[in-house]
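# Descriptive analysis of the structure
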Amino acid sequence: RPAAVLVAIAASAAAFTAPRNLPTRTAMKFSAAEAELVPRDVLFGNPEYAAPSVTPDGSKLAYLKPVDGVLNAWVRSATGGDDRVVTEDTYRGI
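Keep in mind it's a predicted model, so treat the numbers as computed, not measured.

Scoring rules and cut-offs
The numbering scheme is per chain: residues are counted from 1 as the chain's sequence reads. Two thresholds apply to this predicted model, a pLDDT of at least 70 for residue-level local features and 80 or more for giving and counting side-chain atom pairs, whereas whole-chain, interface and lining totals are computed over all residues. The side-chain quantities take in all heavy atoms of the structure and omit both hydrogens and water. Secondary structure elements are defined from DSSP: runs of H or I of at least 4 residues count as helices, runs of E of at least 2 residues count as strands, and each element is numbered from the N terminus. Any two residues whose heavy atoms approach within 4.5 Å at even a single point are treated as in contact. Surface accessibility follows the Shrake-Rupley procedure with a 1.4 Å probe radius. Residue values consider only the protein chains on display as shielding. Two rings from Phe, Tyr or Trp (for Trp, the six-membered ring) form a pair when their centres are within 6.5 Å of each other. A pair whose planes differ by under 30 degrees is stacked, one over 60 is edge-to-face, and the rest are tilted. Burial classes: relative accessible area under 20% of the type maximum marks a residue as buried, over 50% as exposed, and values in between as partly exposed (1.4 Å probe, protein chains only). To sit over a ring, a charge needs its Lys NZ or Arg CZ within 6 Å of the ring centre and within 35 degrees of the ring normal. Pairing between strands is defined by DSSP: at least two bridges between them are needed. Polar contact criterion, stated in full: a pair of N or O atoms within 3.5 Å, where within protein one must be able to donate a hydrogen and the other to accept it, and residues adjacent in sequence count only if both atoms are side-chain atoms.

## A look at the overall build of the protein
Along the protein, the regular secondary structure elements total two helices and four strands. The order of helices and strands in the protein, counted from the N terminus, is α-α-β-β-β-β. Within the protein, residue pairs in contact and separated by at least 24 positions form 5% of the contacts whose partners lie at least 6 positions apart. If you sum the accessible surface of the protein, you get close to 8,400 Å²; carbon and sulfur atoms cover 60% of it.

Here you go:
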């Protein structure tokens, strides 16, 4: 019985190490100097919406959203349309 287990292990190991036909890498057709840079505000700016959280009873949704470029906490009902800001940070954001 132990010999059968060893044979099964060896067979499965052989299946994982068998040569495969993998695609070859292609050379880049442009240089890094020609590539357009991603704007800094896209990488490091405030998101439109962030960190959503639903109340345990499911009646409200809280999230972060900028007010005049500063992240603040917002709340709305689950049905929507009544969004309101609940913090008034004007300097660093939440």
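Further notes follow.
## Comments concerning the packing of aromatic side chains
A full pass over the atoms with the stated rule returns two aromatic pairs. When the centroid spacing of 6.4 Å and the interplanar angle of 10° are considered together, the rings of Tyr63 and Trp74 count as stacked. Highlighted residues: Tyr63 in strand β2 (residues 60–67) and Trp74 in strand β3 (residues 70–77), separated in sequence by 11 residues. For the pair Tyr63 and Trp74, a shared accessibility class is recorded, and that class is buried. Through a chain of ring-to-ring contacts, the aromatic side chains of Tyr49, Tyr63 and Trp74 assemble into a single cluster. Over the aromatic face of Trp74 sits the side chain of Lys65, whose NZ or CZ is 4.9 Å from the ring centroid.

## Some words on the sheet that holds β2
The four strands lie next to each other as β1-β2-β3-β4, forming an open sheet whose pairing is antiparallel. Looking along the sheet, the strands with just one partner apiece sit at the ends: β1 (50–54) and β4 (84–85). Note: β3 against β4, two bridges, orientation antiparallel. Paired with Trp74 across the strands is Val85, a residue of β4.

## As for the environment of Thr79
Looking at the secondary structure, you find Thr79 in the loop between β3 and β4. Classification of Thr79 as exposed rests on a relative accessible area of 74%. As for Thr79 and Lys60, which are separated by 19 residues in sequence, their C-alpha atoms are 8.4 Å apart. Only 3.1 Å separates the side chain of Thr79 from the side chain of Ser77, close enough to count as a polar contact.

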